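An overview of the molecular structure
These are the residues of each chain, in order.
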Amino acid sequence: MNAVVEERRRLRGVQRMLRGQPAMDGAGVRLTRVIGTPELDHLDPFLLFDVFESDNPDDYIAGFPPHPHRGFETVTYMLAGHLEHRDSVGNQGVIETGGVQWMTAGRGIIHSEMPKQADGLLRGVQIWVNLPAHLKMSEPAYREYDANQIPEDTMGASSSVRVVAGETATGVTGPVSGVVTQPLFWDLVVGAGAEFTESIPDGHTALLFVVEGEMAVRGQDGESRVPERHLAILAQGDTLALRGAAARNRALLLAAAPIGEPVARSGPFVMNTRAEVIQAFNDYQSGRLARPYTLEKE
Ligand code: CO
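Here we look at the sheet that holds strand S22 (residues 248-256)
With antiparallel pairing, the 7 strands of this open sheet are ordered in space as S1-S20-S17-S22-S15-S14-S13. Either end of the sheet is taken by a strand with one partner, and the two such strands are strand S1 (14-18) and strand S13 (152-155). Strand-to-strand twist of the sheet, defined as the mean angle between neighbouring strand axes without regard to direction, takes the value 20°. Of the pairings in the sheet, the one linking S1 to strand S20 (residues 231-234) comprises 4 bridges and is antiparallel in character. Counterpart to valine 14 in the pairing with S20 is leucine 234.

Some points on the coordination of the cobalt ion
With distances of 2.0 to 2.1 Å, the protein atoms coordinating the cobalt ion are His67 (NE2), His69 (NE2) and His111 (NE2). In terms of primary sequence, the donors binding the cobalt ion are separated according to H-x1-H-x41-H. Of this pair, histidine 69 sits in strand S5 (residues 64-69) while histidine 111 sits in strand S10 (residues 109-115); the two residues are 42 residues apart in sequence, bridging distant segments of the chain. The class of histidine 69 is buried, set by a relative accessible area of 2%. By relative accessible area, histidine 111 is classed as buried at 0%.

Description of the pattern of salt bridges
Counted under the stated rule, the structure contains 17 salt bridges. One salt bridge connects arginine 250 with aspartate 187, and the closest N-O pair in it is separated by 2.6 Å. One end of the pair, arginine 250, is in strand S22; the other, aspartate 187, is in strand S15 (residues 184-191), and 63 residues separate them in sequence. A salt bridge links arginine 225 to glutamate 223; the nearest nitrogen and oxygen atoms lie 3.6 Å apart. Given a relative accessible area of 41%, glutamate 223 falls into the partly exposed group. A cluster of three or more residues bridged by salt bridges with shared partners is formed by Glu53, Arg123, Glu228 and Arg229.

What to know about unusual backbone geometry
Leave glycine aside and you will find that most residues have negative phi; peptide bonds, for their part, are mostly trans. A cis geometry characterises the amide bond from aspartate 44 onward to proline 45, with omega recorded as 5°. Relative to the assigned elements, proline 45 resides in the loop between strand S3 (29-35) and strand S4 (46-54). Here glutamine 182, not a glycine, exhibits a phi torsion of approximately 50°, which is positive. Mapped onto the secondary structure, glutamine 182 falls in the loop between strand S14 (159-165) and S15.

Observations regarding the sheet that holds strand S21 (residues 239-244)
A sheet is described by the order of its strands in space; here 4 strands give the open sequence S16-S21-S18-S19, paired in antiparallel fashion. Two strands bound the open sheet, and with one partner strand each, they are strand S16 (195-199) and strand S19 (222-227). Adjacent strand axes in the sheet meet at a mean angle of 25°, parallel and antiparallel pairs treated alike.

A word on the side chain of threonine 239
With respect to the helices and strands, threonine 239 occurs in strand S21. One polar contact links threonine 239 to arginine 9, side chain to side chain, over a distance of 3.2 Å. Here the side chain of threonine 239 touches aspartate 238 through a polar contact of 2.7 Å, side chain to side chain.

Procedures and definitions
- Residues numbered from 1 in each chain as written.
- Predicted model: local features only at pLDDT ≥ 70, side-chain atom pairs only at ≥ 80, totals over all residues.
- Heavy atoms only, no water.
- Pairing = 2+ DSSP bridges.
- Helix = DSSP H or I, 4+ residues; strand = E, 2+ residues; numbered from the N terminus.
- Axes fitted to C-alpha atoms, helices over the stretch in contact; angles between N-to-C directions.
- Donors = N, O, S within 2.8 Å, 3.2 Å for Na, K, Ca; no water.
- Buried < 20%, exposed > 50% of the residue type's maximum accessible area, 1.4 Å probe, protein only.
- Salt bridge = Lys/Arg side-chain N within 4 Å of Asp/Glu carboxyl O.
- Polar contact = N/O pair within 3.5 Å; in protein donor to acceptor, adjacent residues only side chain to side chain.

Structure (structure tokens):
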């Protein structure tokens, strides 16, 4: 007896497209802020999406000297160049091209990210992922993976996925695990005209940032083109189906479960209430948030 299995996939088309706006952060690093702006304050659980990209050292050399965070996670993924990281918990390392740092600030951390280069291209993204109330005051945690620790799933002759977090249909699993929002973070390369189809959990918030080329994303009502340096917010559904629309196409795909709690934010602190944010500032100023440190001159 053969049951007719009807495949009912709901395609995650483009719901909204963002270009972001120029911003400056750290000690004067020029970047493009795509989430965390007046246009889009946050998209649960994503609180911030920054893109830094320059081959002019004046734009990045001052870096991000020691500064605090509380209440969420910071994710830094390098597309080109080297950033040296240090924090108040004692972690230290260099994030190089293709490497990722996934830091849980929890109840408090002070960290710095300084360019480990004086010339050449520095390019990467920083994303803030929220934590639910019961984990905002958890112990800080730190994960860092080099490019060679991030597995790649080859899909056909011209397409591949580097899996930072989450799992592909063939079972390739990224090294970042145990994160409460069950994130998926993939670096996709899709050949000219090649198709890419994968499942994304329905109900999770999903973003596609095109690093290079152009992606044609299929939705329930047709196709949308997402050009280079644009961020697409994907509609709900269970399937991402896209096609490489330029000669070379590369994009970052992120998805995570929304938390559904109030967001109170100011600068480097993201809590549930205004009072908790004020407490974070007080704790920082009185040295109770984390142990301060200074960068020694080289
Ligand atoms: Co930071």
